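# Residue-level structural notes
These are the residues of each chain, in order.
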Amino acid sequence: MADSVDLGKCFEIINNLTTEAGRLIARNNETRQEFVCKSGDIDLVTQTDQDVEKLIMNGIRQHFPDHKFIGEEESSTGNGVNKLTDAPTWIIDPVDGTMNFVHAFPHSCISVGLKVNKVTEIGIIYNPMLEQRFTARRGQGAYYNGRRIQASGQREIGKALVVSEFGTTRDEQKLQLVNENFAKMARKVHGLRALGSAALNMAMVALGAADVNYEFGIHAWDVCAGDLIVREAGGVVIDPAGGEFDIMSRRVLAAATPELAQDIAKELTQYYPQPRDD
Ligand code: IPD
């Protein structure tokens, strides 16, 4: 089916739509934003998240009426997460890093991946406040504002800069897990950062700025684009226990090299978030 999808046109359209939606996000990021809570008191949504998701979905529908969607905000209402099929499916996080956005902290992004036959063909992560655009098409490399990028090549855990997150839940068991892993990492790695956007964390691995990103509790829309961008930059994306990455598992580990990914996997206390995205 990939042959019957005009991926060049898809790429052009999503680039343009993210630019348009980015203007809205950047304008609204100038002041702190009103929000409502979703699954808990630190899982937030704003009017902008909803407006951006609609803008992107409607824009895509105009050109590709048969395409399917898995959108963060649509998934949190009604029927839950749409099932991933072989049909061309856009996986969308309209504002990844909503907590940052609510606080006018200029580190959030639009993250969009396109899957055809369940294979990711296109990934875009765009922070419109800082004009950072990360893009990839399968087999064609990864780019930062049009410049080809490469993961760092770091193999040594002791020299690795690691990014991870506290996540969007105050569940006691999850928080203990996060803190346990942060403590383990702090003893082993070069540096540890939590910047508040799962998608931008992956983009930093692709850029060669960070060497590792892991997180338990992410969703498909947080990591779909980042998975492709990291792999196209020569990095690896695996399950945090060391096996194959499963986009619906709510678990991710991205790293500059396979050696580093496996070393980090051995260190991590594992956590299997429920429910999965499928
Ligand atoms: C969240 C952010 C956060 C990460 C969560 C994500 P959202 O996405 O990326 O940093 O820890 O796992 O769900 O809710 O801001 O789109």
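Residues numbered from 1 in each chain as written. Predicted model: local features only at pLDDT ≥ 70, side-chain atom pairs only at ≥ 80, totals over all residues. Heavy atoms only, no water.

### Considerations on the domain arrangement of the chain
Along its sequence, the chain is organised into domain 1 (2-149) and domain 2 (157-267). Between the C-alpha centres of domain 1 and domain 2 the distance comes to 20 Å. Across the contact, 43 residues belong to domain 1 and 27 residues belong to domain 2. Summing both partners gives a buried area of about 2600 Å² for domain 1 against domain 2, and 70% of it is carried by carbon and sulfur. At the boundary of domain 1 and domain 2, one finds one salt bridge. A salt bridge links Arg 170 to Asp 41; the nearest nitrogen and oxygen atoms lie 3.1 Å apart. Looking at the side of domain 1 that touches domain 2, the elements with two or more residues in it are strand E3 (68-71), helix H3 (72-75), strand E4 (89-96), strand E5 (109-116), strand E6 (119-127), strand E7 (132-137), strand E8 (142-144) and strand E9 (147-149). For the side of domain 1 that touches domain 2, the leading source of residues is E6, giving seven residues. (Domains from an automatic or database assignment. Contact = heavy atoms within 4.5 Å. Buried area = accessible area lost by both parts, 1.4 Å probe. Salt bridge = Lys/Arg side-chain N within 4 Å of Asp/Glu carboxyl O. Helix = DSSP H or I, 4+ residues; strand = E, 2+ residues; numbered from the N terminus.)

### Some words on the state of the cysteines
Scanning the entire structure with this criterion turns up zero disulfides. With no disulfide of its own, Cys 109 lies 13 Å from the sulfur of Cys 224, the closest cysteine sulfur. (Disulfide = S-S within 2.5 Å.)

### With respect to the site of the ligand
Around the ligand sit 15 residues in total, of which Asp 96, Gly 97, Thr 98, Ala 198 and Glu 215 are the nearest. Contacts to the ligand include Gly 97, whose backbone N or O atom sits 2.7 Å from an oxygen atom. Here an oxygen atom of the ligand sits 3.1 Å away from a polar atom, N or O, in the side chain of Asp 222. Contact with the protein chains covers 95% of the free accessible surface of the ligand, which is 380 Å². Broken down by element, the shell around the ligand gets its largest block of residues, three residues, from E4. Considered class by class, the residues forming the shell around the ligand number three nonpolar, six polar and six charged. (Near = heavy atom within 4 Å. Polar contact = N/O pair within 3.5 Å; in protein donor to acceptor, adjacent residues only side chain to side chain. Areas by Shrake-Rupley, 256 points an atom, 1.4 Å probe, with all protein chains shown as cover. Nonpolar A, V, L, I, M, F, W, Y, C, P; charged D, E, K, R; others polar.)

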